[in-house]
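# Architecture at a glance
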Amino acid sequence: MKTFNVSAKKVIVVAMSAALLTGFAGCEDPRWVANKVSGAIKEKRLVDHLEAMEAAAVPTPDGGSTTRAAGTDGYANSAEYIKATLEKHGYEVEFQSFDFRSWAELDGTSLTVNGQELVHVRDATDDIPADYAAMSYSGSSDGAVSADIAFVTPDFDFESPDYDDTDGCEASDFDGVDVTGKVAVIQRGGCTFDSKVVNAENAGAVGAIVFNQGNNDGRKAVVNGTLGSDSEATIPAFGARYDLGKEWYDLTQSSTVAAALSITVEDAVVVTENLIAETKKGDPDQIVMLGAHLDSVPEGPGINDNGTGSAGILEYAIRLKKKMRQLPVTQKNKVRFAWWAAEEAGLIGSEYYTNEILGGYYDEAQTQIMEELGITDPSDLTAEQRELVEARYLDINPIKMYLNFDMIGSPNYIFGVMDGDLSDTKDSPDNAYPGDFEPPEGTSHIEGLFNEFFADIGESTVPQALSKRSDYSGFADWGIAFGGLFTGAEKIKSAEEVEEFGGDVDVAYDKCYHQACDDLNNVSNSAMTTNSKALSYVATFYAMSEDLYADGREDEPETRTLLRSFSAQESSHQHHIGERIKSASREVADHGHFHGDFDQDRE
């Protein structure tokens, strides 16, 4: 782990901000205004918002907890609270509605193989590890199903140059394998879980179990996956540990192995909505945007994940508006706020927004360039002409940055800041930018400003790899500078981190991550408040800066973090705006998020 308590980065940002500690810097100084707004954030008001969100949650189908999952009344109640609070303080709120496939696993799931009743992830304890999980968007079993298991084309010879990791990825993998009326058991790797399960169903299987690949230590635990909300699979689908899959395979070499399974799900298309609000003041052609997902997982009320981020930007919206009335300043740029729906189902709300809004700006830019060049078919655009389209898009798109806040009050927290220049996490398996891909221009400056805030208050930070497993993902793909904060999820806190931030060693940052116990007792109010002050500081700085990524100081150090270019000309890995860069694997990413992994092992 690398923190910034003694690093060069922190020395730099301390030098950048030391003048702030000596007194008044002038009303139009973005840092002076940012400090005023940040200082107005109070813990009690944040906790009041969390209490309202916990009260908004409704009972889960099994009655064992409460939830604010997208598509439930708990989410609708949460959205209404955000809307009413914003309107009370003078904001106009827009609902961006979209169809959403709501899925929930009901109580009573069971899986037995070779007479051994397996442990569901929901029933696992510190002493009893999990054996399996139901995949999100699995079909129902319609009662108990008993059938033999049948393996497809597993490959355990990981060191072989001919090793094949594409078990079940093609329909032809099922040729010569009798899975009709059986439970297909398929090794992970090579393609999405959905492809494997759909191929199995088309071959006649009555259920599917995808066991982990086993080719490294990160691929041996339970596969906690999702088929995705666009899956056409209707059979039950589970993920299992690698060791179980290998054990079952060895048994089938000499005998028949039977399975019994049962799962009941609720699966329906409903309408849900993102909430969008923005300041009336500020340049509408230069928008600073903040977002947090409002939904929880189906299993619990999601007060840390992500009531904390939702509360943070809500309270910031309130304090910004009040301070802009009180202070003798002119807000330079418009600030837009978003509360996303259906993040836990696969970043659906934010992806819908970016595809609709940012995709619309791209289409407009393309139309303009084609008209200027006399081209009628987009496929006729050359590579150089597409670069003209991208440049025009970046010019006409008013959203100049996106700041993301997801889990900012974990009880065993760290202060995590997205590593915008990838200087510390480039080689991390949690980094979604392979090779010499670089984040959009301005992303590193945002990181530096967050680190500046924490340096000023004497706090260390931990650089967070850009895994693209939260709502900044779509903005990144559309070429928008991004940044954000994170206090940790299911991974374990190290002794070094305890020395820096306090807390408990060898305990998860959030031991209630994606569980029923993620309630008001699962939040560090102190961490939430500090991060809310940080987001207020950074967002206000940019709201008050005509030139977003210039610090406005004659004595600006030459060693300030350099901006990174998004130009495809500077990268052998050409990435066109709007093309999706896949997220990091769930096994390596703390904050596994979006309730399961799609498995994106595709070239």
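Here we summarise the structure given alongside this text. (Residues numbered from 1 in each chain as written. Predicted model: local features only at pLDDT ≥ 70, side-chain atom pairs only at ≥ 80, totals over all residues. Heavy atoms only, no water.)

### Structural notes on the packing of helix 2 (residues 30-39) against helix 13 (residues 525-543)
Helix 13 packs onto helix 2 with a crossing angle of 150° between their chain directions and a minimal axis gap of 8 Å. Here helix 2 lies roughly antiparallel to helix 13, going by the angle between them. Seen from above, helix 2 lies across helix 13 with right-handed handedness. Judged by residue contacts, Pro30, Arg31, Val33, Ala34, Asn35, Val37, Ser38 and Gly39 of helix 2 engage Lys533, Ser536, Tyr537, Thr540 and Phe541 from helix 13. Residues that form the contact of helix 2 with helix 13 fall into these classes: six nonpolar, five polar and two charged. (Axes fitted to C-alpha atoms, helices over the stretch in contact; angles between N-to-C directions. Helix = DSSP H or I, 4+ residues; strand = E, 2+ residues; numbered from the N terminus. Parallel < 35°, antiparallel > 145°, perpendicular 65-115°, else oblique. Left-handed = near helix turned anticlockwise from the far one by under 90°. Contact = heavy atoms within 4.5 Å. Nonpolar A, V, L, I, M, F, W, Y, C, P; charged D, E, K, R; others polar.)

### So, the packing of aromatic side chains
This structure, assessed with the given rule, holds 31 aromatic pairs. Centre to centre, the rings of Phe453 and Phe454 are 5.5 Å apart; their planes meet at 85°, and the pair counts as edge-to-face. In textbook terms, an aromatic cluster arises when at least three aromatic residues are bridged by ring pairs, as seen for Phe151, Phe156, Phe158, Tyr163, Phe211, Tyr242 and Tyr249. One cation-aromatic arrangement involves Lys493 over Tyr413; the distance from NZ or CZ to the ring centre is 5.4 Å. (Phe/Tyr/Trp six-rings, centres within 6.5 Å; stacked < 30°, edge-to-face > 60°. Lys NZ or Arg CZ within 6 Å of the ring centre and 35° of its normal.)

### Details of the sheet that holds strand 10 (residues 237-240)
With respect to topology, eight strands assemble into an open sheet ordered 5-4-11-7-8-9-10-6, the strand pairing being mixed. The open sheet has two free edges, formed respectively by strand 5 (116-117) and strand 6 (132-134), since each of these has just one partner strand. Relative to strand 5, strand 4 (residues 110-113) runs antiparallel, the two sharing two bridges. The partner of Thr112 across the bridge, within strand 5, is Glu117. Those strands touched by helix 6 (residues 242-252) are strand 4, strand 5, strand 7 (145-151), strand 8 (183-187), strand 9 (207-211) and strand 10, and its axis lies near 85° from that of strand 7. (Pairing = 2+ DSSP bridges.)

### Re the side chain of Ser38
Along the chain, Ser38 turns up in helix 2. Ignoring anything within four residues of it in the chain, the contact list for Ser38 reads Phe453, Lys533, Ser536 and Tyr537.

### Comments concerning the side chain of Thr308
Along the chain, the position of Thr308 falls in helix 7 (residues 303-326). On the accessibility criterion, Thr308 (0% relative accessible area) is buried. Not counting the four nearest positions on each side in its chain, Thr308 is found in contact with Leu50, Ile303, Met407, Ile408, Gly409, Val523 and Met528. (Buried < 20%, exposed > 50% of the residue type's maximum accessible area, 1.4 Å probe, protein only.)

### Regarding a negative patch on the surface
There is a patch of like negative charges on the surface, built from Asp283, Asp285, Glu546 and Asp547. Inspection of the secondary structure puts Asp547 in the segment after helix 13. (Patch = residues over 30% accessible without salt bridge, like charges linked within 9 Å, V, L, I, M, F, W, Y side chains within 5 Å. Areas by Shrake-Rupley, 256 points an atom, 1.4 Å probe, with all protein chains shown as cover. Salt bridge = Lys/Arg side-chain N within 4 Å of Asp/Glu carboxyl O. Lys, Arg positive; Asp, Glu negative; His and termini not counted. Charge placed at Lys NZ, Arg CZ, Asp CG, Glu CD.)

### Things to note about the state of the cysteines
Throughout the structure, instances matching the rule amount to two disulfides. The disulfide bridge from Cys169 ends at Cys191, spanning 2.1 Å between sulfur atoms. A torsion of -95° about the S-S bond marks the disulfide between Cys169 and Cys191 as left-handed. Taken as a pair, Cys169 in the loop between strand 7 and strand 8 and Cys191 in the loop between strand 8 and helix 5 (193-202) lie far apart in primary sequence, 22 residues in all. Judged by relative accessible area, which is 12%, Cys169 ranks as buried. Covalent S-S linkage joins Cys512 and Cys517, the inter-sulfur distance amounting to 2.1 Å. Judged by the sign of its S-S torsion, about -115°, the cystine formed by Cys512 and Cys517 is left-handed. Going through the protein in sequence order and numbering each bonded cysteine, the pairs you get are 1-2, 3-4. (Disulfide = S-S within 2.5 Å.)

### Describing the sheet that holds strand 3 (residues 93-105)
Ordered in space as 3-12-14-13-15-18-16-17, the eight strands form an open sheet in which the pairing is mixed. Edge strands, defined here as strands with exactly one partner in the open sheet, are strand 3 and strand 17 (462-464). Each adjacent strand pair in this sheet contributes to an overall mean axis angle of 20°, direction not counted. The sheet strands contacting helix 8 (residues 348-373) are strand 3, strand 12 (265-278), strand 13 (283-293), strand 14 (333-340) and strand 15 (399-405), and the helix crosses strand 3 at an angle near 140°.

### Remarks on the pattern of salt bridges
Enumeration over the complete set of coordinates arrives at 14 salt bridges. Residue Asp267 is joined to Arg101 by a salt bridge in which the shortest nitrogen-to-oxygen separation is 2.7 Å. With Asp267 in strand 12 and Arg101 in strand 3, this residue pair connects regions lying 166 residues apart in the sequence. Overall, Asp267 belongs to the partly exposed group, its relative accessible area being 36%. Its salt-bridge partner being Asp477, residue Lys468 comes within 3.2 Å of it at the nearest N-O pair.

### A closer look at the pairing of strand 10
Side chains of strand 10 alternate between two faces, with Ala237 and Gly239 and Phe238 and Ala240 buried alike. Across three bridges, the pairing between strand 6 and strand 10 is antiparallel. The residue of strand 10 that forms the bridge with Ala133 is Gly239. With four bridges joining them, strand 9 and strand 10 adopt parallel strand pairing. Bridged to Ala208 within strand 10 is Ala237.

### Some thoughts on the environment of Ala69
Following the sequence through the fold, Ala69 ends up in the loop between strand 2 (66-67) and helix 4 (73-88). Considered as a pair, Ala69 and Ala104 are 35 residues apart in the sequence and their alpha carbons are 9.3 Å apart. Once residues within four sequence positions are removed from consideration, Ala69 is found in contact with Tyr75, Asp295, Ser296, Val297 and Pro298.

### Let's talk about the pairing of strand 13
Burial runs high along strand 13: eight of the 11 residues are buried. Where strand 13 lies against strand 14, eight bridges are found, and the strand directions are parallel. From the neighbouring strand, Asp283 faces strand 14, where its bridge partner is Asn333. Of the crossover connections in this fold, the one passing from strand 13 over helix 7 to the parallel strand 14 is right-handed. (Right-handed = clockwise from strand over helix to strand, strands pointing away.)

### Remarks on the nonpolar core
Judged by nonpolar contacts, the single largest core of 110 residues is most densely connected at Trp248, Leu290, Leu403 and Tyr542. Examining the composition of this core, we find that 10 residues originate from one element, helix 13, more than from any other. The residues touching Leu290, leaving out its near neighbours within four places in the chain, are Ile313, Tyr316, Val335, Arg336, Phe337, Ala338, Tyr402, Leu403, Phe405, Leu535 and Ala539. Counting residues in each nonpolar core, the second largest holds 29 residues, with Met289, Leu358, Tyr362 and Leu381 among its members. (Core = buried A, V, L, I, M, F, W, Y, C linked by side-chain atoms within 4.5 Å.)

### Things to note about the environment of Val58
Here Val58 lies in strand 1 (residues 58-59). Judged by its relative accessible area of 19%, Val58 is buried. Separated by 243 residues in the primary sequence, Val58 and Pro301 have C-alpha atoms spaced 8.2 Å apart. What Val58 contacts, discounting residues up to four positions off in sequence, is Ser65, Thr66, Thr67, Thr72, Asp73, Gly74 and Asn77.

### Details of the environment of Leu261
Along the chain, Leu261 turns up in strand 11 (residues 258-262). Spatially, the C-alpha atom of Leu261 lies 8.4 Å from that of Pro236, the residues being 25 residues apart in sequence. Leaving out residues up to four positions away in the same chain, Leu261 has contacts with Ser110, Leu111, Ser141, Gly143, Ala144, Val145, Val183, Pro236 and Phe238.

Take it as geometry only, folks, not as evidence of what the structure does.
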